[in-house]
Amino acid sequence: MFIEIFFLFIMGLVLGSFANVCIYRMPRDMSVIKPASHCTNCNGFIKWYDNIPIISYLFLRGKCRNCGSKISFIYPAIEFLCGLLFVSMYFVFGFTYSLLPFCLLVFSLLVITAIDFEFQIIPDEFSFMLMIVGLVTSFFNPFLGDVFGQRILNSFIGFLAGGGSLFAVAVIGKWIFKKDAMGGGDIKLMAGVGAFVGWEKVLFAIFIASVFGSIVGIFLILLKKIIKRQEIAFGPYLALGSYLVLFLPSPNVIIGYLMVAEENFLAKYIFSNLQNF
């Protein structure tokens with residue numbers, strides 16, 4: 001188990017380094033392949049031994065070897081977080097066929113969060129990739145049921161529910177507020193997530209995202225960081241909700257637990273009052 005976790009963490013660090021490339025280049029319409037890694041200040045190419053995730057940053061003390069400019073702490077933070085995300089998927093799926101596609105999912109959510117937070121855009125490349133991978137790998141996805149055909153159907157329904165629900169919000173919101181209420185990137189992202197987790201969990205993810213987004217939005221308004229009706233990036237909250245539902249039971253199970261808890265509470269309340277007579 002330790003070897004498997006260590007291997008996944010290292011893979012996460014390596015892909016976290018690539019995530020940094022995507023986060024910096026994709027919103028700037030740059031290729032993620034060419035040119036090779038280079039300093040954004042002096043454009044000097046980075047040697048392989050200066051590009052080892054986290055270790056090189058610590059060894060160089062957070063500075064470029066060529067020009068001495070400061071390297072943002074965000075780079076090793078993304079690498080470390082990606083490693084943790086990969087390990088977390090191991091605790092959900094173990095070393096099974098589902099591990100690889102869901103590692104791809106959390107990798108994509110990490111990149112999308114960072115890009116949307118800064119630029120308020122969600123690259124279509126990741127959303128379309130999630131749609132395809134989610135649908136293609138649905139037949140061995142445990143989130144989607146126990147039967148082969150059921151899994152494929154649930155993946156397709158989740159794809160429709162994730163994208164369709166936000167598309168409906170976008171149409172209704174534009175009709176009411178006379179402006180865009182939901183970005184097309186958000187719609188495509190949740191269509192991809194829905195293909196992975198099915199309709200119940202993708203709607204649950206959107207609900208969680210709405211709650212967190214509302215709380216943060218109200219908090220920012222109170223701090224006067226933003227004004228009312230100012231647009232904020234919703235992608236990070238959708239990504240957070242999508243990640244959390246991987247660990248949470250389906251909504252109907254949660255509702256069942258709450259109903260049982262309520263019944264137990266009422267029963268104890270009635271019993272305690274009867275004892276007073």
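Everything here concerns the structure above.
No experiment lies behind these values; they were computed from the predicted model shown. (Residues numbered from 1 in each chain as written. Predicted model: local features only at pLDDT ≥ 70, side-chain atom pairs only at ≥ 80, totals over all residues. Heavy atoms only, no water.)

Here's the deal with the side chain of asparagine 154
Step number 1: Inspection of the secondary structure puts asparagine 154 in helix α6 (residues 148-177).
Step number 2: Side-chain polar atoms of asparagine 154 contact the backbone oxygen of leucine 144, separated by 2.7 Å.
Step number 3: When neighbours within four sequence positions are excluded, asparagine 154 is seen to be in contact with Leu144, Gly198 and Trp199. (Helix = DSSP H or I, 4+ residues; strand = E, 2+ residues; numbered from the N terminus. Polar contact = N/O pair within 3.5 Å; in protein donor to acceptor, adjacent residues only side chain to side chain. Contact = heavy atoms within 4.5 Å.)

Let's talk about the pattern of salt bridges
Step number 1: Tallied over the entire structure, the rule returns two salt bridges.
Step number 2: Residues aspartate 50 and arginine 65 are paired through a salt bridge, measuring 2.6 Å at the closest nitrogen-oxygen approach. One end of the pair, aspartate 50, is in the loop between α1 (2-25) and α2 (55-59); the other, arginine 65, is in the loop between α2 and α3 (74-93), with 15 residues separating them in the sequence.
Step number 3: For lysine 188, the salt bridge is made with aspartate 124, and the minimal N-O distance between the two is 2.8 Å. A residue pair is termed long-range when its members are at least 10 positions apart, and lysine 188 in helix α7 (residues 184-222) and aspartate 124 in helix α5 (residues 124-136) qualify at 64 residues.
Step number 4: Overall, aspartate 124 belongs to the partly exposed group, its relative accessible area being 31%. (Salt bridge = Lys/Arg side-chain N within 4 Å of Asp/Glu carboxyl O. Buried < 20%, exposed > 50% of the residue type's maximum accessible area, 1.4 Å probe, protein only.)

With respect to the nonpolar core
Step number 1: The biggest cluster of nonpolar side chains holds 51 residues, and the ones touching the most others in it are Leu189 and Met190.
Step number 2: At the level of elements, α1, α3, α4 (99-119), α5, α6, α7 and α8 (235-244) are the ones that each hand at least two residues to this core.
Step number 3: Counting residues per element, this core draws most heavily on α7, which supplies twelve residues.
Step number 4: Those residues in contact with leucine 189, other than ones at most four positions away along the chain, are Leu109, Ile112, Ile122, Ser127, Leu130, Gly235 and Leu238. (Core = buried A, V, L, I, M, F, W, Y, C linked by side-chain atoms within 4.5 Å.)

Let's talk about the packing of α6 against α7
Step number 1: Where α6 meets α7, the axes come as close as 6 Å, and the angle between the chain directions of the two elements is 110°. Classified by the angle their axes make, α6 and α7 are roughly perpendicular. Considering the relative orientation of α6 and α7, their crossing is right-handed. Contact with α6, carried on its side by Asn154, Ser155, Ile157, Gly158, Phe159, Ala161, Gly162, Gly163, Ser165, Leu166, Phe167 and Ala170, involves Asp186, Ile187, Met190, Ala191, Gly194, Ala195, Gly198, Trp199, Val202, Leu203 and Ile206 of α7 and no other residues of that element.
Step number 2: Broken down by class, the residue content of the contact of α6 with α7 amounts to 14 nonpolar, eight polar and one charged. (Axes fitted to C-alpha atoms, helices over the stretch in contact; angles between N-to-C directions. Parallel < 35°, antiparallel > 145°, perpendicular 65-115°, else oblique. Left-handed = near helix turned anticlockwise from the far one by under 90°. Nonpolar A, V, L, I, M, F, W, Y, C, P; charged D, E, K, R; others polar.)

Remarks on the packing of aromatic side chains
Step number 1: Per the counting criterion, the structure on display carries 17 aromatic pairs.
Step number 2: Considering the side-chain rings of phenylalanine 93 and phenylalanine 143, the 5.6 Å spacing of their centres and the 85° angle between planes classify their relative orientation as edge-to-face. With phenylalanine 93 in helix α3 and phenylalanine 143 in the loop between α5 and α6, this pair connects stretches of sequence that are 50 residues apart.
Step number 3: Look at phenylalanine 93 and you get buried, because its relative accessible area is 9%.
Step number 4: Residues tyrosine 97 and phenylalanine 140 carry aromatic rings whose centres are separated by 6.0 Å and whose planes lie at 55° to one another, so their mutual orientation is tilted. Remark: phenylalanine 140 occurs in the loop between α5 and α6 and tyrosine 97 occurs in the loop between α3 and α4; sequence separation between them is 43 residues.
Step number 5: In this structure tyrosine 97 comes out as exposed when scored by relative accessible area, which is 71%. (Phe/Tyr/Trp six-rings, centres within 6.5 Å; stacked < 30°, edge-to-face > 60°.)

Quick word on the layout of surface pockets
Step number 1: Empty space within the second largest pocket amounts to approximately 680 Å³.
Step number 2: For the lining of the second largest pocket, the class distribution of residues is 15 nonpolar, eleven polar and seven charged. (1 Å grid on protein atoms, 1.4 Å probe; cavity = no way out; pocket = protein on both sides within 12 Å on 5 of 7 lines; lining within 4 Å. Points joined across faces, edges and corners; volume = space filled by probe spheres on them.)

Structural notes on unusual backbone geometry
Step number 1: Residue proline 35 follows lysine 34 across a cis peptide bond; omega there is -5°.
Step number 2: Looking at the element boundaries, proline 35 is found in the loop between α1 and α2.
Step number 3: Phi angles above zero are rare outside glycine, and isoleucine 54 is one such case at about 65°.
Step number 4: Backbone geometry places glutamine 120, a non-glycine residue, at a positive phi of 55°.
Step number 5: By the secondary structure assignment, glutamine 120 is in the loop between α4 and α5.
Step number 6: Residue glutamine 120 is classed as partly exposed on the basis of its relative accessible area of 44%.

Here's the deal with the packing of α1 against α4
Step number 1: Running from N to C, α1 and α4 point in directions that differ by 35°, and their axes come no closer than 10 Å. Considering how the two elements wind past one another, α1 and α4 form a crossing that is right-handed. For the pair formed by α1 and α4, the contact residues are Leu8, Leu15, Phe18, Ala19, Cys22 and Ile23 on the first element and Leu99, Cys103, Phe107, Val111, Ala114, Ile115 and Phe119 on the second.
Step number 2: Here the contact of α1 with α4 is built from residues that sort into 13 nonpolar, no polar and no charged.

Topic: the state of the cysteines
Step number 1: This structure, assessed with the given rule, holds zero disulfides.
Step number 2: Cysteine cysteine 42 remains unbridged, with the sulfur of cysteine 67 as its closest cysteine sulfur at 3.7 Å.
Step number 3: Taking relative accessible area as the criterion, cysteine 42 reaches 33% and is therefore assigned partly exposed. (Disulfide = S-S within 2.5 Å.)

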